[in-house]
Amino acid sequence: MVLVAGPPSAGVTSIAGELQRRLPERRFVETGDIGVGADPVAVVFVMSAVAPVTESDCALADLVTARTDAVIAVVSKVDDHRDWRGVLAENRERLAGRVPRFGSVPWIGAAAAPRLGEPLVDDLIELLERELADPSLDQRNKLRAREFRVQSAISRLETEARDRRSRVAALLDARQQLLRHRRLSLSEGTAALRHQIQQARVELTYSARSRCATARTDLQKQVAAANPRRFDALEREVRRRCGDVIADVAEEVTVRTREMADALDLDGLPQSVPARPMTLEVPPLKSRRLETQLMTVLGAGFGLGVALLVSRLFAGLAPDAAVAGSAVGGVIGVAVTVWVVSSRGVLHDRAVLDRWVGEATSAVRAAVEEQVATGVLAAEAALTSAHLAAVEAARMRSGRRIAEIDAELRERGREIARADAVREREMPGLQRALETIRDGLTGESATDSVVTGR
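## Focus: a negative patch on the surface
Item 1. A cluster of acidic side chains, namely Glu-25, Asp-123, Glu-126 and Glu-129, defines a negative patch on the protein surface.
Item 2. By relative accessible area, which is 59% here, Glu-25 ends up exposed.

This is the structure we're talking about:
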């Protein structure tokens, strides 16, 4: 059986078919047709003249020729590519760098299915027949197969040793990472928690003050435009707005601390921060008797002056209408007196309400600032306790994992010691056998003991 192999689109099937037609007494198979455990008597490795071989092509060549000494390298499709000799030289160099034995195998060009003319495989057939007729071929193939088995055994021992040491290195690195994480988890977590608490305190305090300032501005605008009929409704609006500010701040504290707990992946916070009720005093709108009396006197004086002015004006313009002017002046004076007294009362009440709004919002600001401080403080205490509990749980888990790693390291150490002992015992014999086989393959020595494997 002769194996014809090569990368896809290299013309393997054409070469195998033409060889089978020209040498019917031989059996030519491709890679997919060879049975498990069957070693070919020779390998024809086909590469296309379109482009040089790739790394995967070199790996395939090494794989299919590992157990066979008779190998012929073929560059196919030479009828379509004039520079096939350059491709052949580059292929030889690349394959020899990857698989050293390809530096000494015979190379040849061929065209099994040319576009014009007869197939160009005569040189390939001549070379293949010469290789197959070599009386030492069977012995060489046995040596090559033996070399492959010995080399595989050596590679397996070395690979197993590297894998064991890689596993030990990975375990040591994991142990070091666990120790480092255990050392830093408390300090880093505490620093992160402190940063979150400080940031939340600043943000919540600023938000609470902004709410109070906004409420004060809006209410003072309403006070400036209010009339006596709206004073009671305005008082109720002030109380409602202050209550809303306190409730909104309490809700914001709850939401912000919950977000902080979620960001730190901690539990233990209270469900909500309760809004602290607040009682506002009644605005002193009724206790202004003395001011009312004073304004009545002043308004009466001002109205009397206006009445006298009107009456004199009428007397000067129409002396006959002096009595009517006095009457008109009296009416106007009374009206002016009433207007002055009522206007001064409204302005007084607005001033009282404005001061009351300022005092109420100041009290609300103090209350919400205290609410923010207590809410954040309670969250800090709860989160600190949860953080310490989480750190302790993580330390216990890492401790158990470190103990498991230490046990595995001890077991791996014993395995490595046993494997090193086996390797030191078997490797010299394998190396000597490999050297003897290679000497036999180069024609320097070939003993029956090496051929038979004894």
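Having seen the model, we can carry on.
## Let's talk about the pattern of salt bridges
Item 1. Per the counting criterion, the structure on display carries 27 salt bridges.
Item 2. In this structure, Glu-90 engages Arg-94 in a salt bridge whose closest nitrogen and oxygen atoms are separated by 2.8 Å. Here the residue Glu-90 and the residue Arg-94 both occupy positions in helix H3 (residues 84-98), the gap between them amounting to four residues, near one helical turn.
Item 3. The class for Glu-90 is partly exposed, based on a relative accessible area of 32%.

## Quick notes on the environment of Arg-140
Item 1. If you trace the backbone, Arg-140 turns up in helix H5 (residues 137-224).
Item 2. Classification of Arg-140 by relative accessible area gives buried; the value is 16%.
Item 3. Put simply, Arg-140 and Val-41 are 99 residues apart on the chain and 9.8 Å apart in space, counted from C-alpha to C-alpha.
Item 4. A distance of 2.8 Å separates polar atoms of two side chains, one belonging to Arg-140 and the other to Asp-134.

## Digging into the layout of surface pockets
Item 1. Counted as a void, the largest pocket has a volume near 380 Å³.
Item 2. Around the largest pocket, the lining is made up of 15 residues, and of these Asp-62, Ala-66, Val-99, Phe-148 and Gln-151 lie nearest the centre.
Item 3. Looking at the lining of the largest pocket, the elements with two or more residues in it are helix H2 (55-64) and H5.
Item 4. Looking at which element gives the most residues to the lining of the largest pocket, the answer is H5, with six residues.
Item 5. Of the residues that constitute the lining of the largest pocket, the class distribution is six nonpolar, three polar and six charged.
Item 6. Each pocket or cavity is described by its volume, and for the second largest pocket that value is around 300 Å³.
Item 7. Every residue lining the second largest pocket is counted, 15 residues in all, and those nearest its centre are Ser-185, Leu-264, His-387, Ala-390 and Val-391.
Item 8. Of all the secondary-structure elements, those providing two or more residues to the lining of the second largest pocket are H5 and helix H8 (322-441).
Item 9. Sorting elements by how many residues they give to the lining of the second largest pocket places H5 first, with seven residues.
Item 10. Considered class by class, the residues forming the lining of the second largest pocket number eight nonpolar, four polar and three charged.

## Overview of the sheet that holds strand E5 (residues 107-109)
Neighbouring strands of a sheet are bound in pairs by backbone hydrogen bonds; such pairs are parallel or else antiparallel.
Item 1. Spatially, five strands are ordered E2-E1-E3-E4-E5 in an open sheet, and the strand pairing comes out parallel. Looking at the sheet topology across the chains shown, the edges are occupied by strand E2 (28-29) and E5.
Item 2. Of the strands in this sheet, strand E1 (2-5), E2, strand E3 (42-48), strand E4 (71-76) and E5 touch helix H4 (residues 122-132), which is tilted by about 175° from E4.

## Quick notes on helix H1 (residues 12-22)
In an α-helix there are 3.6 residues to a turn, and that puts residues three or four apart on one side.
Item 1. The complete set of buried residues in H1 reads Val-12, Ile-15, Ala-16, Glu-18 and Leu-19. Down the axis of H1, the sector holding all buried residues measures 165°, keeping them to one side. Across H1 from its buried face, at more than 90 degrees, point the exposed residues Thr-13 and Arg-21.
Item 2. Buried-residue contacts for H1 involve E1, E2, E3 and H4.

## Observations concerning the packing of aromatic side chains
Item 1. Taken as a whole and assessed by the stated rule, the structure comprises two aromatic pairs.
Item 2. Measuring from centroid to centroid gives 6.3 Å for Phe-45 and Phe-102, while their planes differ by 70°, and the two rings are edge-to-face. Separated by 57 residues along the polypeptide, Phe-45 in strand E3 and Phe-102 in the loop between H3 and E5 bring together distant segments of the chain. Each member of the pair, Phe-45 as well as Phe-102, carries the same accessibility label: buried.
Item 3. Aromatic side chains Phe-102 and Trp-107 sit 6.4 Å apart centroid to centroid with 65° between the ring planes, which places their arrangement in the edge-to-face category. The residues Phe-102 and Trp-107 share a single accessibility class, namely buried.
Item 4. Aromatic rings pair up to connect Phe-45, Phe-102 and Trp-107 into one cluster.

## A closer look at the nonpolar core
Item 1. Counting residues in each nonpolar core, the largest one holds 32 residues, and the members touching the most others are Val-238, Val-245, Val-249, Val-364, Val-368, Val-372 and Leu-383.
Item 2. Elements that contribute at least two residues to this core include exactly H5, helix H6 (231-264) and H8.
Item 3. Here this core takes 11 residues from H8, the largest share from any one element.
Item 4. Leaving out residues up to four positions away in the same chain, Val-368 has contacts with Ala-208, Cys-212, Val-245, Ile-246 and Val-249.
Item 5. Core analysis: the second largest hydrophobic core is formed by 25 residues, Phe-28, Val-121, Leu-124 and Leu-128 among them.

## So, the pairing of E4
Item 1. For E4, the buried fraction is high: six of the six residues fall into the buried class.
Item 2. Here E4 shows two buried faces, one formed by Val-71, Ala-73 and Val-75 and the other by Ile-72, Val-74 and Ser-76.
Item 3. Judged from the six bridges that link them, E3 and E4 form a sheet pairing that is parallel. Bridged to Val-43 within E4 is Val-71.
Item 4. After leaving E3, the chain enters H2 and then returns to the sheet as E4, a path that is right-handed.
Item 5. As paired elements, E4 and E5 share three bridges and run parallel to each other. Bridge pairing links Ala-73 to Trp-107 in E5.

Cut-off values and rules
- Residues numbered from 1 in each chain as written.
- Predicted model: local features only at pLDDT ≥ 70, side-chain atom pairs only at ≥ 80, totals over all residues.
- Heavy atoms only, no water.
- Patch = residues over 30% accessible without salt bridge, like charges linked within 9 Å, V, L, I, M, F, W, Y side chains within 5 Å.
- Areas by Shrake-Rupley, 256 points an atom, 1.4 Å probe, with all protein chains shown as cover.
- Salt bridge = Lys/Arg side-chain N within 4 Å of Asp/Glu carboxyl O.
- Lys, Arg positive; Asp, Glu negative; His and termini not counted.
- Charge placed at Lys NZ, Arg CZ, Asp CG, Glu CD.
- Buried < 20%, exposed > 50% of the residue type's maximum accessible area, 1.4 Å probe, protein only.
- Helix = DSSP H or I, 4+ residues; strand = E, 2+ residues; numbered from the N terminus.
- Polar contact = N/O pair within 3.5 Å; in protein donor to acceptor, adjacent residues only side chain to side chain.
- 1 Å grid on protein atoms, 1.4 Å probe; cavity = no way out; pocket = protein on both sides within 12 Å on 5 of 7 lines; lining within 4 Å.
- Points joined across faces, edges and corners; volume = space filled by probe spheres on them.
- Nonpolar A, V, L, I, M, F, W, Y, C, P; charged D, E, K, R; others polar.
- Pairing = 2+ DSSP bridges.
- Contact = heavy atoms within 4.5 Å.
- Axes fitted to C-alpha atoms, helices over the stretch in contact; angles between N-to-C directions.
- Arc of directions from axis to C-beta.
- Phe/Tyr/Trp six-rings, centres within 6.5 Å; stacked < 30°, edge-to-face > 60°.
- Core = buried A, V, L, I, M, F, W, Y, C linked by side-chain atoms within 4.5 Å.
- Right-handed = clockwise from strand over helix to strand, strands pointing away.

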